[in-house]
Amino acid sequence: MSSNTFRKKQPPKNTPRTPSKGSSSSGTQKPIEFNVSTDSYLLAFGIFLLILSVILLVSFVSHLLVGDADQDIVQRTFSASLEQIDRKPKNMMGLMGAYLSHYFIFQWFGIAAFGWLPVIFWAGYRLVFKRDLLPQSLNRFTLATIFYIFWTSICIGYFVLMFDLPAGTFCGGIGYSFNKFLNHTLGSGGILVILLALAAWVIFFHGYTDIDDWFLAKYFNRPPKEDISTERIRKAVQYDIEDNETSFREPVKRPEPIPVPVTVNDLYKAPRYEEEIEIPKPFEEKPFPFIEKPVPAPISNNGIKLEVDKPTPVKNEPIKADPTFIIEDTRSNDTSDDDFNSDLDDDDINEKVLKDFGLYDPTLELDNYQYPPITLLNEYNHAGGKVTEEELEANKNKIVETMRNFQIGISSIKATIGPTVTLYEIVPDAGIRISKIKNLEDDIALNLAALGIRIIAPMPGKGTVGIEVPNKNREMVTMKSVISNEKFQKSNFELPIILGKTISNEAFITDLAKMPHLLMAGATGQGKSVGLNVILTSLLYKKHPSQIKFVLVDPKKVELTLYNKIERHFLAMLPNSEEAIITDTKKVIYTLNSLCIEMDSRYNLLKDAGVRNIKEYNAKFIQRRLNPEKGHKYLPYIVLVIDELADLMMTAGKEVEQPIARLAQLARAIGIHLIVATQRPSVNVITGLIKANFPARLSFKVTSKIDSRTILDTGGSEQLVGNGDMLLSMGSDMVRLQCPFVDTPEVEEICEFIGSQRAYDSAYMLPEFFGDDEGETLDFDPSELDQMFEEAARLLVTHQQGSTSLIQRKMKLGYNRAGRIIDQLEGAGIVGPFEGSKAREVLVKDITHLEEILRNLR
C-alpha cells in the first residue's frame, strides 16, 4: 500500500482565471486542461428538464385519449414489455410515455398530475436562461403546486367514490385510497376534512405572510421579510465568493500525511505527530477466553490475530412427562376478585362454585393425554460438520488480503462458528467508509470461492462489520437437539415455536402469540414445508389438545395430509365437511369467513367478560368467574396455516385477500394467529394489504433481490445457501437462522402417537358460513367451452371491462353466442356476476394470471 492513500486534496494548480482586457497571449503556452464547470452541469440539467416537461405533456394528453388501449402493456414489468416487440403502445411517446403517464395519472395523481408540468418547465427555464419565468418565487410556487396536486387528487377522489366514477383517470390511486380511508372512518363527513385542509393552507400559506409583512412595515418601519431574506442571501453569497477566492490565493500549509503501514509491526516505524501514542505489540496479547485449550494463535504475514468464538455446549434434558398446567397456578395468582367488575350475586355464586369444585381444568376431558416423547425423533449421527482451524485461518487471510487490495485496513478480526455459516467480525481502521466495505461482497465471494457471502455493515449494536461465510461442511440441525434444549423445555410462552439455531449455535425460540402472525416465503425446495412442520411439531410437543387448534389449508393437497390422524385432537373444521384439511379453494373462502365470524363472536365474549385479550378471559374462566349458561366457554388458541398463498390468490384473489387481511388486523387479541407460506413472493401475491399486517417475516433462499425486498423490505435472502438457511425479520431486527430438519417419517410417528390416544368426539367446529353465490357455478363444464372462449377472456382482461357488447363489437359475434361466452367466463371465475346495467367486474387483473387459469382449464 503506498502512502498516497490518505493524501489530502490540494488546491488545483494553474487555476484558469478570467483574463483582463489588456492581457496578451505571448509567452510559452501551457497545455490546456479541460475542466467541466458546475454551470455546464446545470445547463445540461436545465435542458433535460425542459425536454422532460414536453415529453410528460405529450404523454399525459396521449394517455387521456388512448390510455385504455395500453393497459395490457403497463400491467407487465418494463423489461417484459421491451421484449414484446410485436405489441406497440398507442401512446405518442411510445413505451416510456405509456409507463410515465400510467404511473403519474392512473397510479398516483389522476388529472392533477398536469400540475407537475409548470414546475418542471419553470425549473428548467431558470437553469437555462438564468432568470425566473414569473416574478413569483420558484420555491414558493413549487410548494403551493405540490399541495394543490395532492389536494385536487383527493378532492376529485371524494366525488369519484361518491358517484362511482372510474378512479384511475380522474383522481389516481392516491386520491382514491385516501378517500376510501376517509369514507371508512368518517363517512360522508370526509369532505369536511378536505375543505378544512384547504382553508388551513389558504390562511397559513397565502394570508399569514401578507399580515406579517404589513405588521413589520407599520410598527417597526422594516421592509417585508422577503426583502430582508433576499438581502441576507445576497451578502452571504458575496462573502462566500470572497472567502473562496482568498482560500485559493493563499492555500493553508498542512503537515505531510502519515504513510499507511502494511503490517501491524510497521506501526512502530511510522512517523508520528508531536504527541507520542503508545501501541501495544501483537505478541503481548493474552489468549482469548473463547478457546477451550490455550494454544498459541497462528499469526500470518498480515499480522492480524483471529479470535475464534466457540459456543459452549448446551445441556439437553428430557422433557418432563406432563408440563400441562404450569399456567394454572401462575394465572390464579395473577388475578383476584378486585380486578373484575361483576354482579354481587354472580360473585357469591362463583365463590361457592369455586369452593365446591376448585379451579376449572380444561384438560380434564382428556386428562390421560400423553405428550409425544422425544424418542420419536431421529438422532442423525452424520449431522455434524466441523470447521477446522485451517479453514478459519485461510478464510481470515483471504478476507484481510481482499480488504488490503482495496486500501481498507483492518485492526482486528473475530470468528463465530455457526451450523451453516461462520461470522467474521472485523474492526476497520479509522476513516474507512462502511459503504466501501459493503460494495466488496462479490470480490470477497470470488476470493473465497464461496456462494452466499453476506456483509452486515454495521453489525447492530456493535462497532464492527460482519461477513458471513458459508462453511464447507455444514452441520445439520436436528429437531431432536432443539426440542430437548433446556430453553425450549422451560419456556413459559403462550405459543412457543422453534425457528432454528442462530450463528452462535443457540436455539431460537419465540412466542407466536406475540409475533402475532408469520409470513414465510422462499423458492421451491428451499425448506418452507419443513419449516411449517417444525413449527407445528414444536406446538404439538408443548400444548394440550384443549389449548390449541389448527386450521390447515393445503392447496397442494400433499404437504399437510400427515396431520389427518390428529383431526379429533388438534384440528378445527367447518360443519358437514368431509376432511379437516382444506384443499378446495371454495372451502378455503368459507373457512376464512368462518374464522371472521368466530373472531367477532369471541370479541363479544371478551366484551361481556370485561377483559381485553384471550389470556385474561381464560384466566377468569379457569377461576369460574364466568357463567357457562351465558355462553361463556374456555377458548383455545387457533392457528391458521396456509401452505401456498400464491395458488389461492391466483384462483380466488380478493375473496381470499380481504378475510386474511381482516384476521391479521384484528384476530391477535382473541387468540387467532396466521402462518402463511408462499413460493412466489411477488407483489401480486403478497399485496400491500397483507404485508402491512405481518410484522414477522421469514425468508428462505429466493431467486432475486426483488423477491427479497418484497418479503423483507431489504436484500439478503438471495445470498442464502438453501436447505433451511433463512432470514427472520421482526420489526427492525434481522436474524440469520438455520431451520431444524424434521423428516416426514418423524412427523408421521408423532401424529400416530397422538392419534392412537383417546380423543374428542369430533374436531373443533367452526361457525357455519353460507356463501352468497353457492351453487351458481355448478353448470360450468370446462369440456364444453366455446371456441372463442380464450380470445374473449384475453379481450376482457386487457380492457378490464366485463361487457357482452364489447365481445360482440370486437369479435363480431351475435348476442346469444356472446352471452353464452360471458356466462362461461363467469363460471371460470374470470368475470364477476351480473350487476344490472353496469359492466361485470373483471376478477383477473393481468394476462399472466389469466394464462395460468386457461392452462388449468385445458
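Residues numbered from 1 in each chain as written. Predicted model: local features only at pLDDT ≥ 70, side-chain atom pairs only at ≥ 80, totals over all residues. Heavy atoms only, no water.

A.B. asks: Where do I start with the pattern of salt bridges in this structure?
C.D. replies: Side chains that carry opposite charge are capable of pairing whenever their charged atoms lie near each other. Enumeration over the complete set of coordinates arrives at 24 salt bridges. For the salt bridge of E393 with K396, the shortest nitrogen-to-oxygen distance reads 3.3 Å. Pair noted here: E393 and K396 are both in helix 13 (residues 389–405), with a separation of three residues, about one helical turn. The exposure classification of E393 matches that of K396, with both residues buried. Put simply, R794 and E790 hold a salt bridge, and the shortest N to O gap is 3.5 Å. (Salt bridge = Lys/Arg side-chain N within 4 Å of Asp/Glu carboxyl O. Helix = DSSP H or I, 4+ residues; strand = E, 2+ residues; numbered from the N terminus. Buried < 20%, exposed > 50% of the residue type's maximum accessible area, 1.4 Å probe, protein only.)

A.B. asks: Got a minute to help me understand the side chain of K501 in this structure?
C.D. replies: With respect to the secondary-structure elements, K501 resides in strand 6 (residues 496–501). Here K501 is buried and forms no salt bridge, its nearest opposite-charge partner E475 lying at an N-O distance of 4.8 Å. Ignoring anything within four residues of it in the chain, the contact list for K501 reads P419, V477, S481, V482, E506, A507, F508, R736, L737 and Q738. (Lys, Arg positive; Asp, Glu negative; His and termini not counted. Contact = heavy atoms within 4.5 Å.)

A.B. asks: What's the story with unusual backbone geometry in this structure? I'm lost.
C.D. replies: The omega angle of the peptide bond from M515 to P516 is -10°, so this bond is cis rather than trans. As for its placement among the helices and strands, P516 is situated in the loop between strand 7 (507–511) and strand 8 (518–521). In this model, Q800 sits at a positive phi of 50°, which is unusual for a non-glycine residue. Among the secondary structure elements, Q800 is positioned in the loop between helix 27 (789–799) and helix 28 (804–811). Positioned with a positive phi, K812 is a non-glycine residue whose angle comes to about 55°. Along the chain, K812 turns up in the loop between helix 28 and helix 29 (815–827).

A.B. asks: What exactly am I supposed to notice about the environment of R87 here?
C.D. replies: Structurally, the position occupied by R87 is in the loop between helix 3 (78–83) and helix 4 (94–109). Put simply, R87 and D70 are 17 residues apart on the chain and 9.7 Å apart in space, counted from C-alpha to C-alpha. Filtering out sequence-adjacent residues up to four positions away, R87 remains in contact with A69, D72 and I73.

A.B. asks: Just to check I follow, could you spell out the nonpolar core for this structure?
C.D. replies: Note on soluble globular proteins: their nonpolar side chains tend to be buried together. With 113 residues, the main nonpolar core has F550 and Y563 as its most contacted residues. Among the elements that make up this core, the one with the highest residue count is helix 20 (residues 585–609) (ten residues). Discounting residues that sit within four places of it in the chain, F550 has contacts with L536, L539, L540, F570, L571, A572 and V639. V387, A415, Y424 and A445 belong to the second largest nonpolar core, which has 24 residues in total. (Core = buried A, V, L, I, M, F, W, Y, C linked by side-chain atoms within 4.5 Å.)

A.B. asks: Which parts of the structure should I look at to understand the confidence of the model for the protein?
C.D. replies: For any part of a model where pLDDT is low, the fine detail of the predicted coordinates should not be relied upon. Here the protein averages 77 in pLDDT, while 77% of its residues score no lower than 70. The low-confidence segment residues 225–301 (pLDDT under 50) makes 58 contacts with residues lying over four places distant or belonging to another chain. Confidence over residues 316–344 falls short of pLDDT 50; this stretch has 52 contacts with residues more than four positions distant or in other chains. (pLDDT = per-residue confidence, 0-100.)

A.B. asks: Would you take a moment to explain the packing of aromatic side chains for this structure?
C.D. replies: What characterises a pair of aromatic rings is the spacing of the ring centres plus the angle enclosed by the ring planes. Inspection of every chain in the model, using the stated rule, returns 21 aromatic pairs. Relative to F104, the ring of F60 lies with its centre 5.7 Å away and its plane at 50°, an arrangement referred to as tilted. Placement of F60 in helix 1 (residues 38–66) and of F104 in helix 4 is noted, with a sequence separation of 44 residues between them. No difference in accessibility class separates F60 from F104, as the two residues are buried. One aromatic cluster in this structure is built from F60, Y103, F104, W108, F109, F114, W116 and F150. (Phe/Tyr/Trp six-rings, centres within 6.5 Å; stacked < 30°, edge-to-face > 60°.)

A.B. asks: Can you walk me through the pairing of strand 3 (residues 421–428) in this structure?
C.D. replies: One face of the sheet, then the other: side chains in a regular strand alternate in exactly this way. With respect to burial, strand 3 is a largely interior element, seven of its eight residues being buried. Joining the antiparallel neighbours strand 2 (residues 410–417) and strand 3 is a turn of three residues. Pairing of strand 3 with strand 5 (residues 465–470) involves six bridges; the strand directions are antiparallel. Residue pairing across strands places T422 opposite V469, the latter belonging to strand 5. (Pairing = 2+ DSSP bridges.)

A.B. asks: What's the story with helix 13 in this structure? I'm lost.
C.D. replies: Because the α-helix completes a turn every 3.6 residues, residues three or four places apart line up on one side. Between its terminal C-alpha atoms helix 13 stretches 24 Å, which fits the 24 Å expected from 17 residues at 1.5 Å a residue. Q407 occupies a position one or two residues after helix 13 and carries a positive phi of about 60°. (Expected span 1.5 Å × (residues − 1).)

A.B. asks: Would you take a moment to explain the environment of P695 for this structure?
C.D. replies: With respect to the element layout, P695 can be found in the loop between helix 24 (688–691) and strand 13 (696–699). The sequence separation of P695 and M730 amounts to 35 residues, and the corresponding C-alpha distance is 6.1 Å. Beyond its immediate sequence surroundings of up to four residues, P695 is in contact with M515, P516, S729, M730 and G731.

A.B. asks: Any chance you could explain the side chain of H673 here in plain terms?
C.D. replies: Within the secondary structure, H673 sits in strand 12 (residues 672–678). What makes H673 buried here is its relative accessible area of 1%. Apart from residues no more than four positions distant in its own chain, H673 is found in contact with L495, L512, A513, P516, H517, Y637, I638, V639, L640 and R668.

A.B. asks: I keep staring at the packing of helix 1 against helix 5 (residues 116–129) and nothing clicks. Help me out?
C.D. replies: For any two helices packed against each other, one specifies the crossing angle of their axes together with the interaxial distance. Between helix 1 and helix 5, whose axes approach to 7 Å, the crossing angle comes to 155°. With respect to their mutual orientation, helix 1 and helix 5 come out roughly antiparallel. Judged by the sense of rotation from one axis to the other, the crossing of helix 1 with helix 5 is left-handed. Along its contact with helix 1, which presents L42, L43, F45, G46, I47, L49, L50, L52, S53, L56, L57 and F60, the element helix 5 presents L117, I120, F121, A123, G124, Y125, L127 and V128. Along the lines of polarity and charge, the residues of the contact of helix 1 with helix 5 split into 17 nonpolar, three polar and no charged. (Axes fitted to C-alpha atoms, helices over the stretch in contact; angles between N-to-C directions. Parallel < 35°, antiparallel > 145°, perpendicular 65-115°, else oblique. Left-handed = near helix turned anticlockwise from the far one by under 90°. Nonpolar A, V, L, I, M, F, W, Y, C, P; charged D, E, K, R; others polar.)

A.B. asks: What's the story with the environment of Y760 in this structure? I'm lost.
C.D. replies: Topologically, Y760 is positioned in the loop between helix 26 (744–755) and strand 16 (764–765). The class for Y760 is buried, based on a relative accessible area of 12%. Along the primary structure Y760 and E365 are separated by 395 residues, whereas in three dimensions their C-alpha atoms are 8.1 Å apart. Beyond its immediate stretch of four places on either side in the chain, Y760 contacts E365, L366, H544, P545, S546, K549, R568 and H569.

A.B. asks: Before we go on, may I ask you to explain helix 8 (residues 172–186) in this structure?
C.D. replies: Spanning 15 residues, helix 8 covers 21 Å between terminal C-alpha atoms, matching the ideal 21 Å at 1.5 Å per step. Where helix 8 is concerned, the buried positions are G172, G175, N179 and L182. The buried residues of helix 8 occupy an angular sector of 65° when projected down its axis, which confines them to one face. Turned more than 90 degrees away from the buried face of helix 8, the exposed residues are F181 and H184. (Arc of directions from axis to C-beta.)

A.B. asks: Before we go on, may I ask you to explain a nonpolar patch on the surface in this structure?
C.D. replies: A contiguous nonpolar patch, built from L57, V61, L64, L65 and I111 and spanning about 440 Å² of accessible area, is present on the exposed surface. Inspection of the secondary structure puts L64 in helix 1. Residue classification places L64 among the partly exposed positions, given a relative accessible area of 41%. (Patch = residues over 30% accessible without salt bridge, like charges linked within 9 Å, V, L, I, M, F, W, Y side chains within 5 Å. Areas by Shrake-Rupley, 256 points an atom, 1.4 Å probe, with all protein chains shown as cover.)

A.B. asks: What's the story with the packing of helix 13 against helix 15 (residues 441–448) in this structure? I'm lost.
C.D. replies: For the pair helix 13 and helix 15, interaxial distance at closest approach is 10 Å and the crossing angle is 135°. Taken together, the axes of helix 13 and helix 15 are oblique relative to one another. Here the hand of the crossing between helix 13 and helix 15 comes out right-handed. Only D443, I444, N447 and L448 of helix 15 make contact with helix 13, whose side of the interface consists of N395, K398, I399, T402 and M403. Classifying every residue of the contact of helix 13 with helix 15 by side-chain character gives four nonpolar, three polar and two charged.

A.B. asks: Would you mind showing me how to read the pairing of strand 11 (residues 637–642) here?
C.D. replies: Most of strand 11 sits inside the fold, with six of its six residues counted as buried. Every second residue of strand 11 is oriented toward a common face, with Y637, V639 and V641 on one face and I638, L640 and I642 on the other, all of them buried. Where strand 9 (residues 548–553) and strand 11 come together, six bridges link them in parallel fashion. Note on strand 11: the bridge partner recorded for K549 is I638. Examined bridge by bridge, strand 11 and strand 12 share five bridges and lie parallel to one another. Note that in strand 12 the partner of V641 across the bridge is I675.

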